[in-house]
Amino acid sequence: MQYFKIASLLAAAIASVQATNQVTLKSLDDVDRTVYFTPSAGHASINSVDVPAGQSVTVEIPFQWVGNWHGVHKGQANTDGMLGEVTFDGWGGKNYFDVSAIVNPNDKDNVSEMWPADEPNTPTSGCKTFPCNNAYYVWDDVQTRVTTQSHIICTLSKNGYSASKRDAEEDTEEKLSRDFVLGKK
Ligand SMILES: *[C@@H]1O[C@H](CO)[C@@H](O)[C@H](O)[C@H]1NC(C)=O
């Protein structure tokens, strides 16, 4: 009994110093979208959100959440898409992210690029114009990005949409393999 009381107090204390994890879904074009979240096994579900054309919607993500999201144009069926993937509070307490075309490389008009909110130029994952050499296409590509920032931006736009300010191809930040994220490498 006492043990559980102490354990829960401890957990509450730890939670209070943790940064809140956030993802801002940022529409760059004139399309209303719905974004669906898919937790990895054992992780909490997150409700889908509507992201109106040209607007940004910020979603809170639980501590140590691992999973992904994809977008569809509003009103369309929820099918597999280009993924925004994250591991928050992973290996070394850092946050890992990447854009992945592994499930559906043909979805080029929804999830586009991801980057840490407070690091304005680096590192970036994904493409303004798909395909590019800055996203996962096969499982052993080395494309995972790492940051200590707990707020990640994910753009939603049509392929090649010029309003994207990022030029991921010029980004020289390190890329990691997937295994690194959970301390397996
Ligand atoms: C993404 O955008 C296209 C529109 O070009 C749409 O047809 C597609 O269903 C969307 N979503 C997915 C998951 O492919």
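Throughout what follows, the structure given in this document is the object of discussion. Just so it is clear, the structure is predicted and the values come from calculations on it, not from any experiment.

## Re the layout of surface pockets
Thinking step 1. Here the largest pocket defines a volume of roughly 320 Å³.
Thinking step 2. The wall of the largest pocket is formed by 16 residues, among which Ser40, Val66, Glu85, Thr87 and Arg178 lie closest to the centre.
Thinking step 3. Listing elements by their share of the lining of the largest pocket, those giving two or more residues are β5 (66-73), β6 (83-87) and β7 (95-100).
Thinking step 4. The residue inventory of the lining of the largest pocket, partitioned by class, reads 6 nonpolar, 5 polar and 5 charged.

## What about the environment of Ser56?
Thinking step 1. By the element assignment, Ser56 lies in strand β4 (residues 56-61).
Thinking step 2. The class of Ser56 is partly exposed, set by a relative accessible area of 44%.
Thinking step 3. With 29 residues separating them along the chain, Ser56 and Ser27 place their C-alpha atoms 6.0 Å apart.
Thinking step 4. Excluding its chain neighbours within four sequence positions, the residues that come into contact with Ser56 are Thr24, Leu25 and Lys26.

## So, the sheet that holds strand β9 (residues 125-126)
Thinking step 1. Across the sheet, which stays open at both edges, the 5 strands sit in the order β4-β1-β11-β8-β9 with mixed pairing between neighbours. A strand with exactly one partner marks an edge of an open sheet, and here the two such strands are β4 and β9.
Thinking step 2. Note that strand β1 (residues 21-27) and strand β11 (residues 151-156) share 6 bridges and pair parallel. Bridging across to β11, Thr24 finds its partner in Ile153.

## Considering the state of the cysteines
Thinking step 1. As enumerated under the stated definition, the model contains 1 disulfide in all.
Thinking step 2. Put simply, Cys127 and Cys132 are joined by a disulfide, and their sulfur atoms are 2.1 Å apart. The sign of the -85° torsion about the S-S bond sets the Cys127-Cys132 disulfide as left-handed.
Thinking step 3. On the accessibility criterion, Cys132 (13% relative accessible area) is buried.

## As for the packing of aromatic side chains
Thinking step 1. Going through the model one piece at a time under the given rule, you end up with 3 aromatic pairs.
Thinking step 2. A centroid spacing of 6.5 Å and a plane angle of 70° characterise the contact between Phe37 and Trp65, whose relative ring orientation is edge-to-face. Pair noted here: Phe37 is in strand β2 (residues 33-39) and Trp65 is in the loop between β4 and β5, with a separation of 28 residues, a long-range link. An identical accessibility class is assigned to Phe37 and Trp65; each is buried.
Thinking step 3. Here the aromatic residues Phe37, Trp65 and Trp69 are joined through ring pairs into a cluster of three or more.

Criteria and cut-off values
- Per chain, residues are indexed from 1 in the order of the written sequence.
- Owing to the predicted nature of the model, reporting of local features is limited to residues with pLDDT of at least 70; listing and counting of side-chain atom pairs is limited to 80 or more, with chain, interface and lining totals taken over all residues.
- The side-chain values count all of the structure's non-hydrogen atoms but skip hydrogen atoms and water molecules.
- Grid points spaced at 1 Å over the protein atoms alone were grouped into cavities, where a 1.4 Å probe fits but cannot get out, and pockets, open sets with protein on both sides within 12 Å along at least five of seven lines, with lining residues defined by an atom within 4 Å of a point.
- Grid points are joined across faces, edges and corners, and a volume is the space filled by probe spheres set on the points.
- Put simply, DSSP marks the helices as runs of H or I at least four residues long and the strands as runs of E at least two long, and each gets a number from the N terminus on.
- When residues are sorted by character, Ala, Val, Leu, Ile, Met, Phe, Trp, Tyr, Cys and Pro go into the nonpolar class, Asp, Glu, Lys and Arg into the charged class, and all the rest, Gly among them, into the polar class.
- Partly exposed describes any residue whose relative accessible area lies between the buried limit of under 20% and the exposed limit of over 50%, with all areas from a 1.4 Å probe on protein chains only and scaled to the type maximum.
- Whether two residues are in contact is decided by their heavy atoms, any of which lying within 4.5 Å being enough.
- Strands qualify as paired when DSSP identifies two bridges or more between them.
- Cysteine sulfur atoms are paired as a disulfide whenever they come within 2.5 Å of each other.
- Stacked, edge-to-face and tilted are the three classes for Phe, Tyr and Trp ring pairs, Trp counted by its six-membered ring, which pair at centre distances within 6.5 Å; planes under 30 degrees apart are stacked, over 60 edge-to-face, the rest tilted.

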